[in-house]
Amino acid sequence: LFLRPPNCPLMSLVQAKRFVAVLLHTCLLLAQGIQQLRTHNEFMDLLTRSHDKVVIVDYFSHTCPPCKMMAPVFDRLSLSQEYAGRVQFAKVDVYENSVTTSKMGITGMPTFQFFMKGQMVHSFSCTDENQLRAVTSQFASQVRVSQAQMSPKASVPQKQASVPQKQASVPQKQ
């Protein structure tokens, strides 16, 4: 894999550090539950199998300064126990997965799209941490309410919060 001059311990140390960094980054993404959607089929499959959760997709680019600014915020949200079991976090690199980017009408980055039951319910572009947190909490709370309403223990119907919705249909697999 790596070529190095004979008897060069410094080079092997650099290569080992690079390998460890890649390994840690991969483990961090897996631990966070952020799914990298590399194809439109992966995108559609996630929406299909996540009907009982909110799916939040972050459309980003590695060369976009605002995206780099929001990435740690999105990462922290994915680690929050507040959203465990209720929210699925995903990322789409706009250059790697241009099909999904185009079909979903992405024109600016970072863009965050929220899906419930396979349908987009909200979308916005921003670099405002508070807005991302507020909208995430708002939709995640609807999942909790929906599950309580379906529970036989819920004797009084729960009132769902009013959420401004921007709905759009999701393009089907081709």
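Residues numbered from 1 in each chain as written. Predicted model: local features only at pLDDT ≥ 70, side-chain atom pairs only at ≥ 80, totals over all residues. Heavy atoms only, no water.

1. Let's talk about the side chain of arginine 86
In plain terms, the rule: By the criteria applied, helices consist of DSSP H or I runs no shorter than four residues and strands consist of E runs no shorter than two, each listed in order from the N terminus. Exposure categories follow from relative accessible area, calculated using a 1.4 Å probe and restricted to protein chains: below 20% of the type maximum is buried, above 50% is exposed, and the middle band is partly exposed. By the counting scheme adopted, Arg and Lys are positive, Glu and Asp are negative, and His together with the chain ends is not counted. Salt bridge criterion: a side-chain nitrogen from Lys or Arg within 4 Å of a carboxyl oxygen from Asp or Glu. N or O atoms within 3.5 Å of each other form a polar contact, as long as, within protein, one can give a hydrogen and the other can take it, and as long as residues adjacent in sequence are counted only when both atoms are side-chain atoms.
With respect to the helices and strands, the residue arginine 86 is situated in the loop between α3 (65-79) and β3 (87-93). It turns out arginine 86 is buried and unbridged, and the closest side chain with the opposite charge, glutamate 82, is 5.1 Å from it. A distance of 2.6 Å separates a polar side-chain atom of arginine 86 from the backbone oxygen of alanine 140.

2. Re the sheet that holds strand β1 (residues 34-36)
Put simply, the rule reads: We treat two strands as partners when DSSP finds at least two bridges between them. To define axes, lines are fitted to C-alpha atoms, for helices over the stretch in contact only, and angles between the resulting N-to-C directions are given on a 0 to 180 degree scale. Should any heavy atoms of two residues lie within 4.5 Å, those residues are considered in contact.
Sheet architecture is open: 5 strands sit in the order β1-β3-β2-β4-β5, paired in mixed fashion. Of all the strands in the sheet, just β1 and β5 (119-125) have a single pairing partner and so form its edges. Across the sheet, the mean angle separating the axes of adjacent strands is 25° when strand polarity is ignored. Both β1 and β3 contribute to a ladder of 3 bridges, which runs parallel. Its bridge partner lying in β3, glutamine 36 is registered against lysine 91. Sheet strands in contact with helix α2 (residues 40-49) are β1, β2 (54-60), β3 and β4 (111-116), and its direction is about 160° off that of β2. Relative to the sheet, α3 contacts β1, β2, β3 and β4, its axis offset from that of β3 by approximately 155°.

3. Re the nonpolar core
The condition that has to hold: Throughout, nonpolar core names a set of buried Ala, Val, Leu, Ile, Met, Phe, Trp, Tyr and Cys residues whose side chains join them through atoms within 4.5 Å.
Formed by 21 residues in total, the largest nonpolar core has its most connected members in Val54, Phe89, Phe112, Phe114 and Leu132. Residue assignment for this core shows that the elements contributing at least two residues are β2, α3, β3, β4, β5 and α5 (129-150). Among the elements that make up this core, the one with the highest residue count is α5 (5 residues). Beyond its immediate chain neighbours, meaning those up to four positions away, phenylalanine 112 contacts Val57, Asp58, Met70, Phe74, His122, Ser123, Phe124, Cys126 and Leu132. Membership of the second largest hydrophobic core comes to 15 residues, among which are Leu47, Val55, Tyr59 and Phe115.

4. Side note on α3
Because an α-helix completes one turn every 3.6 residues, residues spaced three or four positions apart along the sequence face the same direction. The condition is simple: Expected helix span is taken as 1.5 Å per residue step, with the number of steps being one fewer than the number of residues. To get the bend at any residue, fit one axis to the seven residues that end at it and another to the seven that begin at it, then take the angle between the two axes.
Helix length check: α3, at 15 residues, gives a terminal C-alpha distance of 23 Å against a target of 21 Å (1.5 Å per residue), a fit within 8%. The axis of α3 is deflected most strongly, by about 30°, at alanine 71, and proline proline 72 appears within four residues downstream. All of the buried residues along α3 are Cys67, Met70, Val73, Phe74, Leu77 and Ser78.

5. Some remarks on unusual backbone geometry
With omega at -10°, the peptide bond leading from methionine 109 into proline 110 counts as cis. Among the structural elements, proline 110 can be located in the loop between α4 (98-103) and β4. The phi dihedral of lysine 117 is positive, around 55°, even though this residue is not glycine. Along the chain, lysine 117 falls in the loop between β4 and β5. Take lysine 117: its relative accessible area is 59%, and that puts it in the exposed class.

These figures capture arrangement, not role.
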